[in-house]
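# Observations on the model geometry
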Amino acid sequence: MELRHLRYFVAVADAGSLTVAAERKLHTSQPSLSRQIRDLENEVGAQLLTRRARGIELTAAGRAFLDHARSVLSQVEAAIEAARRVAHPAKPCFAMGFLTGHELKWMPEALRILRDELPNIDVMISSQHSPLLADGLSKGKIDAAFLRREKGVPGLAFRLLVKEPLVVILPSDHHLAARQVINPGDLVGETFVIVSDTAPVLRAVIDDYLKRSRINITPAHEADHVTMGISLIASTRGVGLLPAYAQNFLPSSVTSRPLKGATPTVDLVLGYRKSNESPILRLLLSRLDELIARASNKPR
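Conventions used here
Residues numbered from 1 in each chain as written. Predicted model: local features only at pLDDT ≥ 70, side-chain atom pairs only at ≥ 80, totals over all residues. Heavy atoms only, no water. Helix = DSSP H or I, 4+ residues; strand = E, 2+ residues; numbered from the N terminus. Rg over C-alpha atoms; globule rule 2.2 N^0.38 Å. Contact = heavy atoms within 4.5 Å. Areas by Shrake-Rupley, 256 points an atom, 1.4 Å probe, with all protein chains shown as cover. Lys, Arg positive; Asp, Glu negative; His and termini not counted. Charge placed at Lys NZ, Arg CZ, Asp CG, Glu CD. Core = buried A, V, L, I, M, F, W, Y, C linked by side-chain atoms within 4.5 Å. Buried < 20%, exposed > 50% of the residue type's maximum accessible area, 1.4 Å probe, protein only. Axes fitted to C-alpha atoms, helices over the stretch in contact; angles between N-to-C directions. Parallel < 35°, antiparallel > 145°, perpendicular 65-115°, else oblique. Left-handed = near helix turned anticlockwise from the far one by under 90°. Salt bridge = Lys/Arg side-chain N within 4 Å of Asp/Glu carboxyl O. Right-handed = clockwise from strand over helix to strand, strands pointing away. 1 Å grid on protein atoms, 1.4 Å probe; cavity = no way out; pocket = protein on both sides within 12 Å on 5 of 7 lines; lining within 4 Å. Points joined across faces, edges and corners; volume = space filled by probe spheres on them. Nonpolar A, V, L, I, M, F, W, Y, C, P; charged D, E, K, R; others polar. Pairing = 2+ DSSP bridges. Phe/Tyr/Trp six-rings, centres within 6.5 Å; stacked < 30°, edge-to-face > 60°.

### Thoughts on the overall build of the protein
- A tally of regular secondary structure across the protein gives 10 helices and 11 strands.
- A globule of 300 residues ought to have a C-alpha radius of gyration of about 19 Å, and the protein, at 20 Å, matches this closely.
- The principal-axis extent of the C-alpha atoms belonging to the protein is close to 60 × 50 × 35 Å.
- Here the contacts in the protein between residues at least 6 apart in sequence split such that 72% fall between residues at least 24 apart.
- Carbon together with sulfur atoms contributes 50% to the accessible area of the protein, which is approximately 14600 Å² in total.
- Here the protein contributes 39 positively and 31 negatively charged side chains, and the mean placements of these two sets differ by 3 Å.

### Notes on the nonpolar core
- Among the nonpolar cores identified, the biggest contains 58 residues, and F9 and L241 are the most heavily contacted of them.
- The dominant element in this core, judged by the number of residues it contributes, is helix α1 (residues 3–15), at seven residues.
- Contacts of F9, omitting those with residues within four sequence positions, involve I37, L40, L48, L49, L58, G62, F65, L66 and A69.
- Of all hydrophobic cores here, the second largest spans 26 residues; its members include F98, I113, A144 and Y272.

### Topic: the packing of α1 against helix α4 (residues 60–87)
- Following both chains from N to C, one finds α1 and α4 inclined at 125 degrees, their axes separated by 9 Å at the closest point. Comparing the axis directions of α1 and α4 gives the class oblique. The handedness of the crossing between α1 and α4 is left-handed. Across the interface between the two elements, L3, L6, R7, F9, V10, A13 and D14 from α1 touch G62, F65, L66, A69, R70, V72, L73 and V76 from α4.

### Describing the pattern of salt bridges
- In this structure the tally under the stated criterion is 19 salt bridges.
- Across the pair E290 and R294 runs a salt bridge whose closest N-O atoms are separated by 3.0 Å. Note that E290 and R294 are positioned in helix α10 (residues 288–297) at a spacing of four residues, about one turn of the helix.
- On the accessibility criterion, R294 (27% relative accessible area) is partly exposed.
- Connected via shared salt-bridge partners are E109, R112, D116, E117, R287, E290 and R294.

### What to know about the pairing of strand β7 (residues 192–195)
- Burial along β7 is two-sided: F192 and I194 and V193 and V195, pointing in opposite directions, are all buried.
- Regarding the hand of the β-α-β motif, the stretch spanning β7, helix α7 (residues 200–212) and strand β8 (residues 221–223) is right-handed.

### Remarks on empty space enclosed by the protein
- Applying the stated criterion across every chain yields a total of four cavities of 30 Å³ or more.
- The computed volume of the largest cavity comes to approximately 190 Å³.
- Class assignment of the residues belonging to the lining of the largest cavity gives a composition of eight nonpolar, seven polar and two charged.
- Lining the second largest cavity are V193, I194, V195, A223, G229, I233, G240, L241 and L242.
- Sorting the residues of the lining of the second largest cavity by element identifies β7, α8 (226–236) and β9 (239–243) as the ones contributing at least two each.
- Here the lining of the second largest cavity is built from residues that sort into seven nonpolar, two polar and no charged.

### Some details on unusual backbone geometry
- We note that R214 has phi near 60 degrees; this positive angle belongs to a residue other than glycine.
- Following the sequence through the fold, R214 ends up in the loop between α7 and β8.
- You can call R214 exposed: its relative accessible area is 78%.
- Phi is positive for R237, close to 55 degrees, though the residue is something other than glycine.

### Describing the pairing of strand β1 (residues 49–52)
- In this structure, β1 lies alongside strand β2 (residues 55–58), joined through four bridges in antiparallel fashion. Paired with R52 across the bridge in β2 is G55.
- Here β1 hands over to β2 after two residues, the two strands then running antiparallel side by side.

### Topic: the packing of helix α2 (residues 18–26) against helix α3 (residues 30–44)
- Closest axis-to-axis distance for the α2/α3 pair is 9 Å, and the angle between their directions is 110 degrees. Classified by the angle their axes make, α2 and α3 are roughly perpendicular. The residues of α3 that touch α2, namely those facing L18, T19, A21, A22 and L26, are Q30, L33, S34 and I37.
- Among the residues making up the contact of α2 with α3, the classes are represented as six nonpolar, three polar and no charged.

### Points about the packing of aromatic side chains
- Within this structure, the stated rule accounts for four aromatic pairs.
- Ring centres of W106 and F146 lie 5.9 Å apart, and the angle between their planes is 40 degrees; on these two criteria the pair is classed as tilted. On the criterion of sequence distance, the pair formed by W106 in helix α5 (residues 103–117) and F146 in strand β5 (residues 144–147) is long-range, its members being 40 residues apart.
- Here W106 falls in the buried class, since its relative accessible area comes to 1%.
- Among the aromatic residues, ring-to-ring pairing joins F98, W106 and F146 into one connected group.

In structure tokens form, the structure reads like this:
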């Protein structure tokens, strides 16, 4: 097993599609990528992906393997960065983490602010689930992270960036897509896709919203991340509730509709360790209002 097998597998899992991962992320052919995934499954001795007409779905073994694959790749990145820091000790380094999918909006503006005043710095970027980002902050591996307001992580501080409304994600030709807004009660009886416990804050917001709306829904599928959720919705012709930023990744076969009434929201925050005395962090915090304004005015 080689590192490229892990990178290919994570890319496919994140994209929710062999074709999308091959063409947009890995710049290789789909048949070649399929062979690499088969080689990996042969090496592991278990099926990791289930091929569907509209994408892929991770098996139970695949979900278990994904967490470890991410961890291995993260450790490799950390080892590379550690070597670079030793080789260039005079160059300050700042580690930023992003809840997967939010790099598109927030990373360019954050980098622009930092490098406007501090051009001679190295910025290390990582993309992970929110709980992993919070753990990285608490252990000092990450200086600042764009994440959810995770609980049970002492020593961290959070600054609100935006309250993200939840929207209904559904196939473009779904019967509910004909409506301008969707009543929460309309979701009853539909194949419902929900986020898994890899996103505990978002899961709690959705569960609380369904409870407050007094509707009883038993999820048919759980998704570990946004792109997997979109893929499941497309392949099962189901519906789901996701933060509005998910609209950045919708294929033509999937669309979104707002919820009727009081819309639930989930906070996106900038998290950092209170004891972190990095001057780069202080600069970022001092210009947080500017960062929010720039990102808010950026076209989606």
